[in-house]
Amino acid sequence: GEKITLESGDDTKTVAVTSQTTIYLTEGANDVAKTISDLQAGSLVTVIYGSEKGNWTALGIRIDKQ
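Described below are features of the structure shown in this document.

Quick look at the overall build of the protein
Step number 1: Within the protein one finds 0 helices and 5 strands.
Step number 2: Computed over its C-alpha atoms, the radius of gyration of the protein comes to 12 Å, within 12% of the 11 Å expected for a compact globule of 66 residues.
Step number 3: With respect to the principal axes defined by its C-alpha atoms, the protein has extents near 35 × 25 × 20 Å.
Step number 4: Counting only residues that meet the buried cut, the protein has 24% of its 66 residues in that class.
Step number 5: Taking the intrachain contacts of the protein between residues at least 6 apart in sequence as the baseline, contacts between residues at least 24 apart amount to 40%.

Overview of the pattern of salt bridges
Step number 1: Scanning the model with the defined rule gives 1 salt bridge in all.
Step number 2: The residue arginine 62 makes a salt bridge to aspartate 64 at a minimum N-O spacing of 2.7 Å.
Step number 3: Taking relative accessible area as the criterion, arginine 62 reaches 31% and is therefore assigned partly exposed.

Focus on the pairing of strand S3 (residues 30–33)
Step number 1: With 4 bridges joining them, strand S2 (residues 11–27) and S3 adopt antiparallel strand pairing. Bridge pairing links threonine 26 to aspartate 31 in S3.
Step number 2: Between S2 and S3, which pair antiparallel and follow one another directly, the connecting turn spans 2 residues, one of which, glycine 28, has a positive phi of 65 degrees.

Some thoughts on the packing of aromatic side chains
Step number 1: Inspection of every chain in the model, using the stated rule, returns 1 aromatic pair.
Step number 2: Arranged with centres 5.0 Å apart and planes meeting at 80 degrees, the rings of tyrosine 49 and tryptophan 56 form a pair that is edge-to-face.
Step number 3: Its relative accessible area of 32% is what places tryptophan 56 among the partly exposed residues.

Looking at unusual backbone geometry
Step number 1: Of note in the backbone geometry, lysine 53 takes a positive phi value of approximately 55 degrees without being a glycine.
Step number 2: Locating lysine 53 in the fold gives a position in the loop between strand S4 (45–52) and strand S5 (55–63).

Details of the pairing of S2
Step number 1: In this sheet, S2 lies alongside strand S1 (residues 2–8) in antiparallel orientation, the contact comprising 7 bridges. Note that in S2 the partner of leucine 6 across the bridge is lysine 13.

Focus on the nonpolar core
Step number 1: Residues Ile4, Leu6, Val15, Val17, Ile23, Leu25, Leu39, Val47, Ala58, Ile61 and Ile63 constitute the largest nonpolar core, which totals 11 residues.
Step number 2: Mapped onto this core, the elements with two or more residues apiece are S1, S2 and S5.
Step number 3: With 4 residues, S2 is the largest single contributor of residues to this core.

Rules and cut-offs
- Residues numbered from 1 in each chain as written.
- Predicted model: local features only at pLDDT ≥ 70, side-chain atom pairs only at ≥ 80, totals over all residues.
- Heavy atoms only, no water.
- Helix = DSSP H or I, 4+ residues; strand = E, 2+ residues; numbered from the N terminus.
- Rg over C-alpha atoms; globule rule 2.2 N^0.38 Å.
- Buried < 20%, exposed > 50% of the residue type's maximum accessible area, 1.4 Å probe, protein only.
- Contact = heavy atoms within 4.5 Å.
- Salt bridge = Lys/Arg side-chain N within 4 Å of Asp/Glu carboxyl O.
- Pairing = 2+ DSSP bridges.
- Phe/Tyr/Trp six-rings, centres within 6.5 Å; stacked < 30°, edge-to-face > 60°.
- Core = buried A, V, L, I, M, F, W, Y, C linked by side-chain atoms within 4.5 Å.

Worth remembering: the numbers are spatial, not functional.
Set out below in structure tokens:
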């Protein structure tokens, strides 16, 4: 699986992205499906993630327009 690193202020967290992770971009009233290849370094995102045994997994990633 893929992993992405999230930075927020002084905190950094690495989360796994699986085939179950939903990645999307909201355009107007519609959510448009995206893939991990649509993420770029420095992208502004909102991530919903869960933890199991200390491993963080992204459940949903919304790509925010900057």
